[in-house]
Amino acid sequence: MGELVDRVDEQDRVLGVVERGEAITRHWLHRVATVVCRDEEGRILVHRRAADMSRFPGQYNWLIGGGVEAGESYEDAAARELTEELGVRAPLRFALKFLCRGVISPYWIGIHDAVVDEDISPDPDEIAWHAWVTEDELREMAGGPTFVPDGAEALTRYLSPRPVPPPPSPGAAGTS
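Here goes a summary of the coordinates provided. In this text the structure is predicted, and so the values were computed from the model without any measurement.

1. Section: the overall build of the protein chain
Per the secondary structure count, the protein chain includes four helices and nine strands. Mapped in sequence order, the helices and strands of the protein chain form the string β-β-α-β-β-β-β-α-β-β-β-α-α. Since a compact globule built from 176 residues should have a radius of gyration of about 16 Å, the 17 Å found for the protein chain is in line with a globular shape. A principal-axis box enclosing the C-alpha atoms of the protein chain has dimensions of 60 × 40 × 30 Å. Each of the 176 residues in the protein chain was classed as buried or not, and the buried ones make up 44%. Of the contacts made within the protein chain by residues no fewer than 6 positions apart, 62% connect residues no fewer than 24 positions apart. Of note, the protein chain has its 18 positive side-chain charges centred 7 Å away from the centre of its 31 negative side-chain charges.

2. Remarks on helix α4 (residues 149-159)
All of the buried residues in α4 are Asp150, Gly151, Ala154, Leu155 and Tyr158. On an axial view of α4, the arc spanned by its buried residues comes to 140°, and they lie on one face. In the core, the buried residues of α4 are packed alongside β3 (31-38), β5 (60-61), β6 (63-67), β7 (93-100), β8 (107-115) and α3 (135-142).

3. Re the state of the cysteines
Under the definition given, this model contains zero disulfides. Sulfur of Cys37: no disulfide; nearest cysteine sulfur belongs to Cys100 and is 19 Å away. Accessibility expressed as a relative area gives 1% for Cys37, which makes it buried.

4. What about a negative patch on the surface?
On the surface, a cluster of negative charge is contributed by Glu40, Asp117, Glu118 and Asp119. Tracing the backbone shows Glu118 in the loop between β8 and β9 (127-133). According to the relative accessible area criterion, Glu118 is partly exposed, its value standing at 39%.

5. Details of the pattern of salt bridges
Scanning all chains against the criterion turns up 17 salt bridges. Between Arg80 and Glu84 there is a salt bridge whose closest N-O contact spans 3.5 Å. Of the two residues, Arg80 and Glu84 are both situated in helix α2 (residues 74-86); the distance of four residues between them amounts to about one turn of the helix. A relative accessible area of 18% means that Arg80 is categorised as buried. With relative accessibility at 44%, the residue Glu84 sits in the partly exposed group. The network of salt bridges with shared partners includes Glu69, Glu72, Arg80, Glu81 and Glu84.

6. Here we look at the side chain of Glu85
Tracing the chain through its elements places Glu85 in helix α2. For the buried Glu85, no salt bridge is present, and the opposite-charge side chain at shortest range is Arg49, 6.4 Å distant. The contact partners of Glu85, leaving out residues within four places of it in the chain, are Ile64, Gly65, Ser121, Pro122, Asp123, Glu126 and Ile127.

About the cut-offs
- Residues numbered from 1 in each chain as written.
- Predicted model: local features only at pLDDT ≥ 70, side-chain atom pairs only at ≥ 80, totals over all residues.
- Heavy atoms only, no water.
- Helix = DSSP H or I, 4+ residues; strand = E, 2+ residues; numbered from the N terminus.
- Rg over C-alpha atoms; globule rule 2.2 N^0.38 Å.
- Buried < 20%, exposed > 50% of the residue type's maximum accessible area, 1.4 Å probe, protein only.
- Contact = heavy atoms within 4.5 Å.
- Lys, Arg positive; Asp, Glu negative; His and termini not counted.
- Charge placed at Lys NZ, Arg CZ, Asp CG, Glu CD.
- Arc of directions from axis to C-beta.
- Disulfide = S-S within 2.5 Å.
- Patch = residues over 30% accessible without salt bridge, like charges linked within 9 Å, V, L, I, M, F, W, Y side chains within 5 Å.
- Areas by Shrake-Rupley, 256 points an atom, 1.4 Å probe, with all protein chains shown as cover.
- Salt bridge = Lys/Arg side-chain N within 4 Å of Asp/Glu carboxyl O.

Here you go:
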């Protein structure tokens, strides 16, 4: 049996458990968790996917991640993928989530940030090459024909200003 994931609806509510391959084939919404890895200088990790990957072989991406297993949280999946793909652990910070219509299939994507301050050991079955690049260098790469299209969309959303929640109003709970 393949990887089991939660099939979800347009509001990211669980409808049931299905095999990830079936969710992709039938274009059912499911969840993907990713991590943006930065070094201590703020550069972002970019990588080329292994040539024998089932999806986007040999293409460049900036997100580390994969499917969220049935019953797993986005954050737990992102942490698991970080360890599986790069051999590291790092604190994660939620950045954003959006419904990606995807080139192959639609899915909800949760994007997390991590500062990686240790040497990485990329899984050669997943990552053929990697480098640390600036945001400007990454933007330039993302415009190329060999960049994962869903990754390019995620980069645009990630680098766009996001609303900052308003400060609590005077007299709100917890204020004096």
